[in-house]
Amino acid sequence: GYYCKWYRGKQFLGRTIAEAEEKRDKYKYECEHGIEQIKSITVYDWTVKWLPASKAHVARRTYNQYTGLLDALNETIGDCLLSAVTPYDVNCVWSKFAGKSHSQIQKAHFLYKALFDAAIENRLCTINPFKAESAQPQKGRKGTHRELSPEEVRLIETVPHRCQAGAMFMLKAGLRRGEMLALEKSDIHDGRISISKAVFWDKNQPDLSETKNDTSVRSVPFFAPLT
């Protein structure tokens, strides 16, 4: 009662001709792209190879964040074969992020999609389950960032305080807190501020390092309110 299609001595059965052909064509694609021979690699195996190779250039703090997110992934589906991960498995991963911030969930989603995109490019699987419509993450809780009120801006600009200079650099020049703390006199020249480093915290200890990412390296005007 089944239809049968053959390829390389293997038979593929289906209740319809189309189903049998689909199974055959999928196997044919895997053979032609080298996937059939390497199906045994697990999600954990791939993360161990992929992270050092693709993210070695990022700052140590960022790299450690990626490591933590991949640890969370492996706790749920690390033992799964890379080529066998389904949208259901992805939703199990997202269930572990309940109560997390929207920012953290978005970072994880970006990282996991990149992980599987690289696997496809390396012929380790054929689809990216993190892009499936049925496997999108939930919205996380909102962060604490907000726009300063006019009264708060006035207080920063007019009330003398030991941190006023730092607050003005963040307010008027758009520096992050870590970038402001790393600022030195030598970084200000020719009417501009050069930003190429930042202070991060590792286990509550300050660590002078590179900026958050390559696009954070920049030069901004040093104008009147900062003099």
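These numbers come from a predicted model, not from an experiment.

1. Points about the confidence of the model for the chain
The predicted structure's coordinates, where accompanied by low pLDDT, should not be read in detail. Summing up the model confidence of the chain, the mean pLDDT is 85 and the portion of residues at 70 or higher is 93%. Confidence, expressed as mean pLDDT per element, reaches its minimum in the chain at strand β6 (residues 205-210) with 78 and its maximum at helix α4 (residues 87-95) with 95.

2. Some remarks on the pattern of salt bridges
Inspection of the entire model under this criterion finds ten salt bridges. When the shortest N-O distance is used, the salt bridge between Asp 187 and Lys 197 registers 2.9 Å. Placement of the pair is Asp 187 in the loop between α8 (177-181) and β3 (188-189) and Lys 197 in strand β5 (residues 197-202), with a sequence separation of ten residues. Looking at Asp 187, the relative accessible area reads 9%, which means it is buried. Relative accessible area serves as the criterion here: at 18%, Lys 197 is assigned to the buried category. Sharing partners across several salt bridges, the network here consists of Arg 176, Glu 179 and Arg 218.

3. Overview of the packing of aromatic side chains
The geometry of an aromatic ring pair comes down to the distance between the two centres and the angle between the two planes. Enumeration according to the criterion identifies seven aromatic pairs in this entry. Measuring from ring centre to ring centre gives 5.5 Å for Trp 94 and Phe 97, while their planes differ by 65°; the resulting arrangement is edge-to-face. Aromatic ring contacts, followed pair by pair, group Trp 94, Phe 97, Tyr 112, Phe 116 and Phe 130 into a single cluster.

4. Some thoughts on unusual backbone geometry
Positive phi outside glycine occurs at Arg 123, with the angle close to 60°. Residue classification places Arg 123 among the partly exposed positions, given a relative accessible area of 45%. Despite not being glycine, Asp 190 shows a phi value in the positive range, around 55°. Along the chain, Asp 190 falls in the loop between β3 and β4 (192-195).

Rules used throughout
- Residues numbered from 1 in each chain as written.
- Predicted model: local features only at pLDDT ≥ 70, side-chain atom pairs only at ≥ 80, totals over all residues.
- Heavy atoms only, no water.
- pLDDT = per-residue confidence, 0-100.
- Helix = DSSP H or I, 4+ residues; strand = E, 2+ residues; numbered from the N terminus.
- Salt bridge = Lys/Arg side-chain N within 4 Å of Asp/Glu carboxyl O.
- Buried < 20%, exposed > 50% of the residue type's maximum accessible area, 1.4 Å probe, protein only.
- Phe/Tyr/Trp six-rings, centres within 6.5 Å; stacked < 30°, edge-to-face > 60°.

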